[in-house]
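Coordinate analysis (summary)
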Amino acid sequence: MKKSAVPVILSMLFVLTSVTGCGKHTVARSDASGAISFMIVDNDGNPLSGDNAPKVISYMEQWTGTKVNFQFVPTDQYNDKVSAVFSSPSDMPMVMHVNKLDQNVVNAMNNDLLWDLNEFIWDSSKYPNLSKANKNVCKSLEVNGKLVGLYKARDIGRNGLSYRTDWAEKFGLGEPRTPEDVYNMMKLFTEGDPDGNGKNDTFGLAMCSFTGPFDIIQTWFGCGNAWVEEKGNIVPVHQTAAYKDALDWMRQLYAEGLIPKDWRTREAKKWQDQVKKGEAGIFIDVMDGGRRIWDGFETEKTPSVVDNSKLASMTLVGAINGATLATSGYNGFLVFTKAAATREQVEACLHFVDKMCDDEMLILAGYGLKDVTYKIDGGYLIPNSDKSASKAYTALNQTQCFIPHALIAAKPAVKQTNRKLKELQVIADNEKFAVFNPALSYLANSPTYAQNGAKLDKLISEARTKYICGEINEAGLQEAFDQWNKQGGTAVLSEVNAQYRVQAH
């Protein structure tokens with residue numbers, strides 16, 4: 001059922017207040033009407049409602065010193081609404097969530113409808129949370145050097161390698177550090193009978209129709225993340241020598257049967273099962289995927305092949321050869337429009353968003369009210385099992401950028417397993433090795449890529465798969481590269497580098 005996008009106005013008296021029991025004082029800021037306006041997604045109908053909603057809103061307003069008029073738009077209408085707002089600037093809210101950096105957002109910035117946040121957020125005295133934003137992620141949200149939005153953080157170092165610990169112990173293997181180490185591990189996991197059943201029924205790397213592992217592996221060879229800065233230009237990775245080295249390495253894995261021959265027809269939803277059920281020993285994807293496999297060993301009581309009195313486990317490694325694939329670093333972002341007509345008004349909006357990144361507000365939006373929808377026991381947060389009560393507060397998490405950290409790191413915290421803590425540590429360690437795509441914002445401002453990008457990306461991806469599986473040779477691979485050039489790639493390259501040279505200088 002579609003839901004109305006009529007603004008929900010949260011009207012309360014505008015007061016200067018201190019938050020009882022928190023030891024902090026906030027100064028109220030707003031426009032002349034006493035409120036900022038904020039447009040976000042209505043995910044499940046009638047958000048910020050229920051018996052506890054007034055208390056939640058009151059706590060939020062007291063903590064941030066800000067009144068907010070929220071406009072909720074149903075999920076299935078949201079992208080159209082964003083386009084409509086940019087087409088009719090008189091209807092713009094001061095702040096709104098945007099799902100992706102596309103031509104609409106680029107045009108809005110070029111048409112002076114959005115504030116350049118580089119002018120504001122790096123002031124640590126005003127914005128102690130937002131000023132800690134990752135500059136690489138912010139760079140990917142710049143248009144002509146102007147920061148169009150505040151990213152909603154996701155883990156940058158989430159991708160990497162994990163492997164079955166007991167299989168490695170059987171062969172006396174330590175953590176792999178280089179592609180050669182990984183190859184040797186895969187070889188033994190395939191040919192060395194790691195499960196000891198005397199059958200040739202295992203292989204090194206779990207693979208399915210999702211080709212994300214290939215993207216991660218490529219970074220190990222130094223070719224970058226989709227695009228790479230090289231000799232004063234930005235080029236797609238398939239134009240680098242390192243890309244060919246990576247493809248030759250993966251082609252060898254396939255030729256030697258170290259990955260399943262039928263990987264292209266294997267379902268992604270059963271991908272982790274290849275390791276859980278003892279068919280494969282290495283998993284290359286997100287670190288939480290490796291941890292979930294480990295959770296499965298615990299749940300199913302899977303014995304170690306080295307000592308059956310102990311359970312099997314996973315070692316979460318992350319980067320290989322000092323590199324792994326960075327995520328974009330965000331999942332949507334907030335734009336601040338010229339509906340906030342003055343610097344004072346945009347600063348009021350930024351003040352609110354900065355305060356919503358405090359632990360107290362992360363917990364409010366994540367778990368609600370203490371002793372109402374959660375309690376503290378032994379220093380840990382225990383959420384209420386009644387999920388229906390969450391409607392009173394969960395929509396507030398859309399106002400949060402999770403800078404400098406996400407809810408899971410807020411204090412007090414929900415108690416985590418040792419497996420989860422290991423995952424979080426590896427993800428944090430991975431960040432310094434994560435290879436970013438330097439072309440993201442330039443591609444968003446490339447007319448040719450906007451029109452032909454999906455087709456061009458598919459062409460290269462399909463050629464890579466065919467080469468790895470031995471269906472085409474180097475000449476066939478080069479033919480695909482030539483087609484990329486002819487079908488718009490050369491124009492994209494020119495448009496990207498025109499922007500890059502302007503911004504670099």
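Residues numbered from 1 in each chain as written. Predicted model: local features only at pLDDT ≥ 70, side-chain atom pairs only at ≥ 80, totals over all residues. Heavy atoms only, no water.

1. Observations concerning the pattern of salt bridges
If you walk through the whole model with that rule in mind, you get 24 salt bridges. Of the charged contacts in the structure, one is a salt bridge between Glu256 and Lys187, with a shortest N-O distance of 2.9 Å. Remark: Lys187 occurs in helix α6 (residues 179–191) and Glu256 occurs in the loop between α8 (241–255) and α9 (273–276); sequence separation between them is 69 residues. Here Lys187 falls in the partly exposed class, since its relative accessible area comes to 24%. Through salt bridges with shared partners, a single network forms among Arg291, Asp295, Arg419, Lys420 and Glu423. (Salt bridge = Lys/Arg side-chain N within 4 Å of Asp/Glu carboxyl O. Helix = DSSP H or I, 4+ residues; strand = E, 2+ residues; numbered from the N terminus. Buried < 20%, exposed > 50% of the residue type's maximum accessible area, 1.4 Å probe, protein only.)

2. Thoughts on helix α13 (residues 418–430)
If you check α13, its first and last C-alpha atoms are 18 Å apart, about what 13 residues at 1.5 Å a residue would give, namely 18 Å. Looking only at α13, the buried set comprises Arg419, Lys420, Glu423, Val426, Ile427 and Asn430. The arc enclosing the buried residues of α13, seen along the axis, measures out at 125 degrees, which places them on a common side. (Expected span 1.5 Å × (residues − 1). Arc of directions from axis to C-beta.)

3. Looking at the state of the cysteines
Evaluated as defined, the whole model comprises 0 disulfides. The thiol of Cys223 is unpaired, and the distance to the nearest cysteine sulfur, on Cys469, comes to 18 Å. (Disulfide = S-S within 2.5 Å.)

4. Here's the deal with unusual backbone geometry
The step from Ile403 to Pro404 runs through a cis peptide bond, and the omega angle for that step is 10 degrees. Positionally, Pro404 belongs in the loop between β17 (380–383) and α13. Residues Lys411 and Pro412 are joined by a peptide bond in cis, for which omega reads 0 degrees. Looking at the element boundaries, Pro412 is found in the loop between β17 and α13. At Leu48, a position not held by glycine, the phi torsion is positive, near 50 degrees. Even without a glycine there, the phi angle at Asp112 is positive, about 65 degrees. By the element assignment, Asp112 lies in the loop between α3 (103–110) and α4 (135–139). By relative accessible area, Asp112 is classed as partly exposed at 48%.

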